[in-house]
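# Fold and contact review
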Amino acid sequence: MRRRSRSAPPAPLPQLRGVDPVRVRLPADGTWATVREHLVERLSGAAPGAVAEMFDQGRIVGADGRPVAPQAPYEPGMFVWFHRELPDEVPVPFPLEVVHRDEHLVVADKPHFLATTPRGTHVAETALARLRRELGVPALGAAHRLDRLTAGLVLFTVRAEERGAYQTLFRDRRVRKVYEAVAPYDPALALPRTVRSRIVKERGELAAREVPGEPNALTHVELLEHRADGLARYRLTPATGQTHQLRVHMSALGVPILGDPLYPVVTGPGPAGDFRRPLQLLARELEFTDPVTGAEHRLRSGRTLRAWESPAAWDAGQ
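A short tour of the structure in this document, coming up. If you're wondering where the values come from, they're calculated on a predicted model, not measured in any experiment.

### A few points about the overall build of the chain
Along its length, the chain carries seven helices and 13 strands. Considered along the principal axes of its C-alpha atoms, the chain spans approximately 70 × 45 × 45 Å. For the chain, buried positions account for 44% of its 318 residues. For the chain, the share of sequence-separated contacts (at least 6 apart) that also reach a separation of at least 24 residues comes to 63%. Averaged over its 44 positive side-chain charges, the chain has a centre that lies 3 Å from the centre of its 38 negative ones.

Structural data, given as structure tokens:
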């Protein structure tokens, strides 16, 4: 007889600056004597003594919201919660605009440099955490993500029980997404065209790469206009959603997107607080049928790409 999985109870801790508490489930096959012993091993990357300090301060709690005692015996399948130490983050000095809001959805127009959801060193200074704080909607969740360096439209759900329906839209490719990019102009590049390739991204590597094999990434590339200064504006319509797909495909065509620190050459991240020369890629349009209400949504970003609108300021790094 198959054992039924134990579902997680609701978090007993409130959000901290729009960030959910960390939830840990103790492994069923654990041999640790105490909860503390397990967490010291599991959180080995934390600062020395950090776990002990959290226990001493009562910051690790059980499902009832009461602090877990430092010597509490290990209980397989038990859930505990705590708040991570929020990293020092330089605030992204650009507004996060809301272009659509109803009782089911929030669609935000994300600026460059702002991560969509907490990850790594970007936690409270993310679109999700900021919107939770600014809109007062703690249940807000992301239905999909944009790269931190990419600006434009991101869809968030208001109700946790409806999140799966909207995530399925993106998984099943039932959302039409249109991007704009600024990149060099190549008169020899025949456009429009659909780029097809196989893209892989290994864990721990910054850049994705194209490899031989069955294509898993398709992007339709169109030239919108070009100028005498050698730059062009492109419309990119992806049919798939591989990591860094648009950036990889534009680089493979010989016209890498301006401001890209990874393609064609990995140059590494800029220093914290350097918001000059953002990646010139914008999620311009989202179009889909609402899976909950049946409404047709056609949404458009109001942002512009700096290298196209103000080339002199872009060149000066302003």
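### Observations concerning the nonpolar core
In this structure, Leu140, Phe156, Tyr234, Leu236, Met250 and Leu281 are the most contacted members of the largest nonpolar core, which totals 35 residues. Ignoring sequence-local partners within four residues, the contact set of phenylalanine 156 consists of His104, Leu105, Val106, Ala108, Thr116, Ala127, Leu128, Leu131, Leu140, Gly141, Ala142 and Ala143. Grouped together as the second largest cluster of nonpolar side chains are 15 residues, Trp32, Met54, Ala72 and Val80 included.

### Examining a positive patch on the surface
A cluster of basic side chains, namely Arg119, Arg145, Lys201 and Arg203, defines a positive patch on the protein surface. Its location among the elements puts arginine 145 in the loop between strand 5 (141–142) and strand 6 (151–157). A residue is classified by how much of its surface remains accessible, and arginine 145, at 59% relative accessible area, is exposed.

### What about the pairing of strand 7 (residues 176–184)?
Counted residue by residue, strand 7 has seven buried out of nine residues, so it is predominantly covered. Of the pairings in the sheet, the one linking strand 7 to strand 12 (residues 281–289) comprises six bridges and is antiparallel in character. Pairing of tyrosine 179 across the sheet is with alanine 283, part of strand 12. Sheet topology places strand 7 next to strand 11 (residues 231–238); six bridges connect them, and they run antiparallel. Its bridge partner lying in strand 11, tyrosine 179 is registered against leucine 236.

### Some details on the packing of aromatic side chains
Tallied over the full model, the rule gives four aromatic pairs. Three or more aromatic residues joined by ring pairs make a cluster, and in this case those are Phe94, Phe113 and Phe275. Arginine 227 extends its terminal NZ or CZ atom over the ring of tryptophan 308, reaching a point 4.0 Å from the ring centre.

### Topic: helix 5 (residues 245–252)
The periodicity of an α-helix, 3.6 residues per turn, causes residues three or four places apart in sequence to face the same way. Counted residue by residue, helix 5 has seven buried out of eight residues, so it is predominantly covered. On its buried side, helix 5 packs onto strand 7, strand 8 (193–200), strand 9 (209–211), strand 10 (217–226), strand 11 and strand 12.

Basis of the calculations
Residues numbered from 1 in each chain as written. Predicted model: local features only at pLDDT ≥ 70, side-chain atom pairs only at ≥ 80, totals over all residues. Heavy atoms only, no water. Helix = DSSP H or I, 4+ residues; strand = E, 2+ residues; numbered from the N terminus. Buried < 20%, exposed > 50% of the residue type's maximum accessible area, 1.4 Å probe, protein only. Contact = heavy atoms within 4.5 Å. Lys, Arg positive; Asp, Glu negative; His and termini not counted. Charge placed at Lys NZ, Arg CZ, Asp CG, Glu CD. Core = buried A, V, L, I, M, F, W, Y, C linked by side-chain atoms within 4.5 Å. Patch = residues over 30% accessible without salt bridge, like charges linked within 9 Å, V, L, I, M, F, W, Y side chains within 5 Å. Areas by Shrake-Rupley, 256 points an atom, 1.4 Å probe, with all protein chains shown as cover. Salt bridge = Lys/Arg side-chain N within 4 Å of Asp/Glu carboxyl O. Pairing = 2+ DSSP bridges. Phe/Tyr/Trp six-rings, centres within 6.5 Å; stacked < 30°, edge-to-face > 60°. Lys NZ or Arg CZ within 6 Å of the ring centre and 35° of its normal.

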